[in-house]
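Chain by chain, the residues run as shown.
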Amino acid sequence: RSKNGKILEGHIALFEEAPSNPGILGGSSSDFSKWKRKSIVTLALTFLTSSQAILIVWSKRAGKYEYSVTTANFLVETLKCALSVAALIRIWGNEGVTEDNRLSTTLDEVSVYPIPAALYLIKNLLQYYIFAYVDAPGYQILKNLNIISTGVLYRIILKKKLSEIQWAAFVLLCAGCTTAQLNPSSDHVLQTPFQGWVMAVVMALLSGFAGVYTEVAIIKKRPSRNINVQNFWLYVFGMVFNAIAILVQDFDAVVNKGFFHGYSFITTLMILNHALSGIAVSMVMKYADNIVKVYATSVAMLLTAVVSVFLFGFHLSLAFFLGSIVVSVSVYLHSIGKLQRDIEKEVIVR
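Quick caveat: nothing in here was measured; it's all calculated off a predicted structure.

Criteria and thresholds
- Residues numbered from 1 in each chain as written.
- Predicted model: local features only at pLDDT ≥ 70, side-chain atom pairs only at ≥ 80, totals over all residues.
- Heavy atoms only, no water.
- Helix = DSSP H or I, 4+ residues; strand = E, 2+ residues; numbered from the N terminus.
- Buried < 20%, exposed > 50% of the residue type's maximum accessible area, 1.4 Å probe, protein only.
- Contact = heavy atoms within 4.5 Å.
- Areas by Shrake-Rupley, 256 points an atom, 1.4 Å probe, with all protein chains shown as cover.
- Axes fitted to C-alpha atoms, helices over the stretch in contact; angles between N-to-C directions.
- Parallel < 35°, antiparallel > 145°, perpendicular 65-115°, else oblique.
- Left-handed = near helix turned anticlockwise from the far one by under 90°.
- Nonpolar A, V, L, I, M, F, W, Y, C, P; charged D, E, K, R; others polar.
- UniProt positions renumbered as here; feature names shortened; annotations may be inferred.
- Expected span 1.5 Å × (residues − 1).
- Polar contact = N/O pair within 3.5 Å; in protein donor to acceptor, adjacent residues only side chain to side chain.
- Core = buried A, V, L, I, M, F, W, Y, C linked by side-chain atoms within 4.5 Å.
- Phe/Tyr/Trp six-rings, centres within 6.5 Å; stacked < 30°, edge-to-face > 60°.
- 1 Å grid on protein atoms, 1.4 Å probe; cavity = no way out; pocket = protein on both sides within 12 Å on 5 of 7 lines; lining within 4 Å.
- Points joined across faces, edges and corners; volume = space filled by probe spheres on them.
- Salt bridge = Lys/Arg side-chain N within 4 Å of Asp/Glu carboxyl O.

1. Quick look at the overall build of the protein chain
Okay, so step 1: Along the protein chain, the regular secondary structure elements total 13 helices and zero strands.
Okay, so step 2: For the protein chain, the sequential pattern of α-helices and β-strands runs α-α-α-α-α-α-α-α-α-α-α-α-α.
Okay, so step 3: For the protein chain, with 350 residues in total, the buried portion stands at 47%.
Okay, so step 4: The long-range share in the protein chain, meaning contacts at least 24 apart out of those at least 6 apart in sequence, stands at 87%.
Okay, so step 5: Working note: accessible area of the protein chain is about 17,500 Å², and carbon and sulfur atoms make up 67% of it.

Here it is in structure tokens:
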């Protein structure tokens, strides 16, 4: 990442791009290498994104989680923290220890991390409970609402201008989410009940607030700080808050039944998926472009729906298919609008 790269929840800059040597590699070989790397990153992100909701639903037994979701979330944060340390060890070996990549910090710098860590704790726990009201394909659709919440909050709090294309994308996104949830075979207009919509909106707002706060309090405060150091401290506080959640919510169950009670192979895969998704996104940020994220999001929605047909008996309706297309188009338009805004800003600066 560049020194001014953004810290994002779950993103770990584990891979450093090797410098190219035109004297050794020909142009065609270099282009093929980039294409191959981009293809691998795209496939990895698509697979991890599409399997995330499926693994959460699949980890249930008789409609309930036999394991403690707080312990699972704690392990996700622990694994992310370990991956951040592994990335730093690699950086220290290549670049040495510098002021920007050392783990030592000050109380003033580290004091800003508890707020986003707490917000992500609530959002990540809601991620398990929302499946009482939505299915895996519906979740994949509704979680795109965080695009709207993040954009609007950036506009209100950071005064960042949104392009007309982005505003149009928000309207399309709302229409797409609603269309995908239409239920013509029932008295209820929408498949997802009111509680599910409320939880989806709350999750989107939590994600948006955490992103805005992170940019204001962490990135702008010290933009040259290595992203792995920032992630490390974010995950450390995430582990602390998840430990508190275990004590408050599942203390008796953990003491009487054990920390790993109810865990299965699917549960383990789910935890690995949540942690590795951060690596995949960071690789997209470094080796590919934002269009890859759009592609992965779009394909993941359809893949989740198709797999859910065979695993959970999901009914793939025309409304869901059309809604998914509208959501995909809106995500693409938002990406294009953001690029257009950045270009206009660059022209103005020049």
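This is not the end of the story, as more comes after the structure.
2. Examining the packing of helix α2 (residues 69–95) against helix α9 (residues 227–249)
Okay, so step 1: Contact pair α2 / α9: the axes reach a minimum separation of 8 Å and the direction vectors enclose 160 degrees. By the criterion of interaxial angle, the relationship of α2 to α9 is roughly antiparallel. Crossing hand, α2 versus α9: left-handed.
Okay, so step 2: When its residues are assigned to classes, the contact of α2 with α9 shows 15 nonpolar, 10 polar and two charged.

3. Section: the UniProt feature "transmembrane region" (unreviewed entry) in the protein chain
Okay, so step 1: Sites flagged by UniProt as "transmembrane region" (unreviewed entry) map to residues 40–58, 165–182, 194–219, 231–248, 260–282, 294–312 and 318–336.
Okay, so step 2: With 100% helix and 0% strand, residues 40–58 has end C-alpha atoms that lie 26 Å from one another.
Okay, so step 3: Within the segment residues 231–248, helix and strand shares are 100% and 0% respectively, and the terminal C-alpha atoms sit 25 Å apart.

4. Some remarks on α9
Okay, so step 1: Taking 1.5 Å of rise per residue, the 23 residues of α9 would be expected to cover 33 Å, and the 32 Å separating its terminal C-alpha atoms lies within 8% of that figure.
Okay, so step 2: Regarding α9, its N-cap is Asn-226, as a side-chain oxygen of that residue lies 2.8 Å from the backbone nitrogen of Asn-228 further along.

5. What to know about the environment of Ala-136
Okay, so step 1: Topologically, Ala-136 is positioned in helix α5 (residues 136–142).
Okay, so step 2: The buried category is assigned to Ala-136, whose relative accessible area is 3%.
Okay, so step 3: Among all residues touching Ala-136, those that are not within four sequence positions of it are Ala-53, Ile-54, Val-57, Phe-131, Thr-304 and Ser-308.

6. Regarding the nonpolar core
Okay, so step 1: Of all hydrophobic cores here, the largest spans 61 residues; its most connected members are Tyr-67, Tyr-113, Tyr-128, Ile-130, Phe-131, Cys-177 and Met-270.
Okay, so step 2: When residues in this core are grouped by element, the largest group, nine residues, is from helix α8 (residues 194–219).
Okay, so step 3: Excluding residues that lie within four positions of it along the chain, Met-270 makes contacts with Leu-55, Ile-56, Ser-59, Tyr-67, Ala-72 and Tyr-128.
Okay, so step 4: Membership of the second largest hydrophobic core comes to five residues, among which are Leu-45, Leu-48, Ala-280 and Val-281.

7. Some thoughts on the packing of aromatic side chains
Okay, so step 1: One pass over the full model with this rule turns up 10 aromatic pairs.
Okay, so step 2: Judged by centre distance (6.2 Å) and plane angle (75 degrees), the ring pair of Phe-74 and Phe-259 falls under edge-to-face. One end of the pair, Phe-74, is in helix α2; the other, Phe-259, is in the loop between α10 (251–257) and α11 (265–287), and 185 residues separate them in sequence.
Okay, so step 3: Its relative accessible area of 25% is what places Phe-259 among the partly exposed residues.
Okay, so step 4: Pairing Phe-259 with Phe-260 gives two aromatic rings, centres 5.0 Å apart and planes at 70 degrees, and the pair type is edge-to-face.
Okay, so step 5: Relative accessible area serves as the criterion here: at 53%, Phe-260 is assigned to the exposed category.
Okay, so step 6: Taken together, the ring pairs connect Tyr-65, Tyr-67, Phe-74, Tyr-128, Phe-259, Phe-260 and Tyr-263 into an aromatic cluster.

8. What about empty space enclosed by the protein?
Okay, so step 1: A full pass over the atoms with the stated rule returns one cavity of 30 Å³ or more.
Okay, so step 2: Quantified by volume, the largest cavity comes out at close to 70 Å³.
Okay, so step 3: Every residue lining the largest cavity is counted, 11 residues in all, and those nearest its centre are Glu-77, Ala-117, Tyr-120, Leu-121 and Gly-238.
Okay, so step 4: Listing elements by their share of the lining of the largest cavity, those giving two or more residues are α2, α4 (114–129) and α9.
Okay, so step 5: Among the residues forming the lining of the largest cavity, the class breakdown is five nonpolar, four polar and two charged.

9. Description of the environment of Leu-79
Okay, so step 1: Mapped onto the elements, Leu-79 comes out in helix α2.
Okay, so step 2: Excluding its chain neighbours within four sequence positions, the residues that come into contact with Leu-79 are Ile-271, Leu-272 and Ala-275.

10. Quick look at the pattern of salt bridges
Okay, so step 1: Counted under the stated rule, the structure contains two salt bridges.
Okay, so step 2: Arg-102 is the salt-bridge partner of Glu-99, the closest N and O atoms lying 3.7 Å from each other.
Okay, so step 3: Residue classification places Arg-102 among the partly exposed residues on the basis of a relative accessible area of 30%.
Okay, so step 4: Between Glu-109 and Arg-225 there is a salt bridge, with its nearest N and O atoms 2.8 Å apart. On the criterion of sequence distance, the pair formed by Glu-109 in helix α3 (residues 107–110) and Arg-225 in the loop between α8 and α9 is long-range, its members being 116 residues apart.

11. Description of the packing of α2 against α4
Okay, so step 1: Relative to each other, α2 and α4 sit at 130 degrees, their axes nearing to 10 Å. Taken together, α2 and α4 sit at an angle that is classed as oblique. Like other packed secondary-structure pairs, α2 and α4 cross with a definite hand, here right-handed. Seen from α2, the contacting residues are Val-69, Thr-70, Ala-72, Asn-73 and Glu-77; seen from α4, they are Leu-121, Asn-124, Leu-125, Tyr-128 and Tyr-129.
Okay, so step 2: When its residues are assigned to classes, the contact of α2 with α4 shows six nonpolar, three polar and one charged.

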